[in-house]
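Here is what each chain is made of, one letter per residue.
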Amino acid sequence: MDGQGRIVEAEKQYLKAISTIEQARQSINHEELRLSFLSSGIAIYGEYIDFLMRHGRPIDALNEAELSRARTLAEGLSSGPVLAARPIPNARFQQIAQRLRATIFVYWLGEKHSYLWAVTPAKTTYFTLPSSSEIDAQVKVYTQAIVDSKDILTTGDRQTGEKLYATLIAPAQKLIPANSRVILLPDGSLYGLNFETLIAPGLQPHYWIEDVTLTTGSSLTLLTSRANRPRRRTRTFYLSEIRKK
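Okay, so let's go over this structure. Every value quoted in this text rests on a predicted model; they were computed, and no experiment measured them.

**Looking at helix H7 (residues 158-168)**
Now for step 1: Taken together, the buried positions of H7 are occupied by Thr-160, Gly-161, Glu-162, Leu-164, Tyr-165, Thr-167 and Leu-168.
Now for step 2: The inward-facing, buried residues of H7 abut strand E1 (103-108), strand E2 (114-119), strand E3 (124-129), helix H6 (132-148) and strand E5 (199-200).

What follows is the structure, given as structure tokens:
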């Protein structure tokens, strides 16, 4: 339907499918079954996000990714109010970044396309990334290399770390002020990736953690609601541990 130019009708169908999934999920009493059911419906969310991006609506796509993420987290945390989360206006994204004095990276890994939204106090910018399968494969190889290697900078696996940096960070690198704070909201396999060990290339390749202060979050909704709580910095001892081996 989307391909035939019937954009309005196509969006109604996407929204109807998502609503059906949510209603069916809420009718399931067993928590694990609800999570499983929601996971099986992620493909619909992904298709809708691709649809929004194709039609020049990156902020709406970011909101949909955030709502999907918040619903999944709400199931795991048994926190019903998150399910009722409303779309966040574009200006509000910038206000969150300004309040937290950080650049926020929001990732969505999709079957066909993945996306990165970089939120700064000034603007929200998006970037199209490779498919989830391609990113997952790189993450798997690099994670294992980190486990096996004494110092990834001195091995052939350094190239994988540089490639992941080029894929996940480099597109938005210019939006990150020097020695500033970056809050990561990963997705899928990226939750298992040690972003601090990604390798920034150059005359002297180095771990990304040397350039920024990293914090990992779960959701913009939860990030906003907890903004007044004491901030917990990402533990940076991991880098020193690598070098000690």
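**Quick notes on the packing of H6 against H7**
Now for step 1: Contact pair H6 / H7: the axes reach a minimum separation of 10 Å and the direction vectors enclose 145 degrees. Here H6 runs over H7; the crossing is left-handed. The segment H6 lies against H7, with Ile-135, Gln-138, Val-139, Val-141 and Tyr-142 engaging Thr-160, Gly-161, Lys-163, Leu-164, Thr-167 and Leu-168.

**What about the pattern of salt bridges?**
Now for step 1: Under the counting rule described, the total for this entry stands at three salt bridges.
Now for step 2: Across the pair Arg-57 and Glu-11 runs a salt bridge, and its minimum N-O distance is 2.8 Å. Highlighted residues: Arg-57 in the loop between helix H3 (42-54) and helix H4 (58-77) and Glu-11 in helix H1 (residues 7-26), separated in sequence by 46 residues.
Now for step 3: You can call Arg-57 partly exposed: its relative accessible area is 26%.
Now for step 4: Assessed through its relative accessible area of 15%, Glu-11 is described here as buried.
Now for step 5: For Arg-57, the salt bridge identified is with Asp-60, shortest N-O distance 2.9 Å.
Now for step 6: Through salt bridges that share partners, Glu-11, Arg-57 and Asp-60 make up one connected network.

Scoring rules and cut-offs
- One numbering rule holds for all chains: residues counted from 1, following each sequence as written.
- At least 70 in pLDDT is required for a residue's local features to be given in this predicted model, at least 80 for side-chain atom pairs to be given and counted, and no such filter applies to totals for whole chains, interfaces and linings, which use all residues.
- Side-chain measures here rest on the full set of heavy atoms in the structure, leaving out hydrogens and waters.
- Burial classes follow relative accessibility: with a 1.4 Å probe on protein chains only, a residue under 20% of its type's maximum area counts as buried, one over 50% as exposed, and anything between as partly exposed.
- A run of DSSP states H or I qualifies as a helix once it reaches four residues; a run of E qualifies as a strand once it reaches two. Both are numbered from the N-terminal end.
- Whether two residues touch is decided by their heavy atoms; if any such pair falls within 4.5 Å, the residues are in contact.
- For every element, the axis is a line fit to its C-alpha atoms; helices are fit only across the contacting stretch, and the angle between N-to-C directions ranges from 0 to 180 degrees.
- In this scheme the crossing of two helices becomes right-handed for a clockwise turn of the near helix relative to the far one and left-handed for an anticlockwise turn of less than a right angle.
- By definition here, a salt bridge exists when the distance from a side-chain nitrogen of Lys or Arg to a carboxyl oxygen of Asp or Glu is within 4 Å.

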